[in-house]
Amino acid sequence: TVVPALVSAIIPCLDEEGAIGFVVAGVRAHGIIDVIVIDGGSQDRTVESARAAGAKVVVEPKRGYGRAIQAGVAASSPQSSVLLFLDGDGSD
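Residues numbered from 1 in each chain as written. Predicted model: local features only at pLDDT ≥ 70, side-chain atom pairs only at ≥ 80, totals over all residues. Heavy atoms only, no water.

(A) Just the overall build of the protein chain, in detail. Scanning the protein chain from N- to C-terminus turns up three helices and four strands. Along the protein chain, helices (α) and strands (β) appear in the sequence β-α-β-α-β-α-β when read from the amino end. Projecting the C-alpha coordinates of the protein chain onto the three principal axes gives extents of approximately 50 × 25 × 20 Å. At a minimum sequence separation of 6, the contacts of the protein chain that also span at least 24 residues come to 67%. Carbon together with sulfur atoms contributes 55% to the accessible area of the protein chain, which is approximately 5200 Å² in total. (Helix = DSSP H or I, 4+ residues; strand = E, 2+ residues; numbered from the N terminus. Contact = heavy atoms within 4.5 Å. Areas by Shrake-Rupley, 256 points an atom, 1.4 Å probe, with all protein chains shown as cover.)

See below:
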């Protein structure tokens, strides 16, 4: 029996209001439901755009890619067997 992998997509971002909704929607279109956006203190509407697109949002008050990754891993589903890391600007 093949057990499907539960994938958590972790997307660190900062001031990506223009792209994050499309990134989240694109990931969800591939059947990934555990989409986590880690916001590093955006000054725009990144958080609102990510939530509107269906992501779980974690605000990490201390900046840094490593901190964002750690916060995303901590927020991912414990049942996830795959962690997918993407950029919030749509470059991936």
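And the narrative resumes.
(B) A look at helix 1 (residues 17–29). Its 13 residues give helix 1 an end-to-end C-alpha distance of 19 Å, which sits within 8% of 18 Å, the value for a rise of 1.5 Å per residue. The inward-facing, buried residues of helix 1 contact strand 1 (7–13), strand 2 (34–39) and helix 2 (46–52). Looking at the residues trailing helix 1, positive phi occurs at Gly31, about 90°. (Expected span 1.5 Å × (residues − 1).)

(C) The nonpolar core, seen in detail. Judged by nonpolar contacts, the single largest core of 16 residues is most densely connected at Ile11, Ile20, Val24, Val35 and Val37. Counting residues in hydrophobic clusters, the runner-up holds six residues, among them Ile10, Ile36, Ala68 and Ala71. (Core = buried A, V, L, I, M, F, W, Y, C linked by side-chain atoms within 4.5 Å. Buried < 20%, exposed > 50% of the residue type's maximum accessible area, 1.4 Å probe, protein only.)

(D) Expanded view of the sheet that holds strand 4 (residues 82–85). Ordered by their spatial adjacency, four strands build an open sheet running 3-2-1-4, and the pairing between neighbours is parallel. Bordering the open sheet on either side are strand 3 (56–59) and strand 4, each of which pairs with just one other strand. Mean inter-strand twist for the sheet, computed between neighbouring axes without regard to direction, equals 25°. Direction of pairing for strand 2 relative to strand 3: parallel, over a ladder of four bridges. Residue pairing in the sheet places Ile36 in a bridge with Lys56 of strand 3. (Pairing = 2+ DSSP bridges. Axes fitted to C-alpha atoms, helices over the stretch in contact; angles between N-to-C directions.)

(E) Layout of the environment of Ala9. Relative to the assigned elements, Ala9 resides in strand 1. Those residues in contact with Ala9 that sit more than four places away from it in its chain are Val27, Ile32, Asp34, Val35, Ile36 and Leu84.

(F) Summary view of the side chain of Glu60. Locating Glu60 in the fold gives a position in the loop between strand 3 and helix 3 (65–75). Within the buried core, Glu60 has no salt-bridge partner, and the shortest N-O distance to an opposite charge, that of Arg67, equals 5.2 Å. Side-chain polar atoms of Glu60 contact the backbone nitrogen of Lys62, separated by 3.2 Å. When residues no more than four places from it in sequence are discounted, the contact partners of Glu60 are Ile38, Asp39, Gly40, Gly41, Arg67 and Ala71. (Lys, Arg positive; Asp, Glu negative; His and termini not counted. Salt bridge = Lys/Arg side-chain N within 4 Å of Asp/Glu carboxyl O. Polar contact = N/O pair within 3.5 Å; in protein donor to acceptor, adjacent residues only side chain to side chain.)

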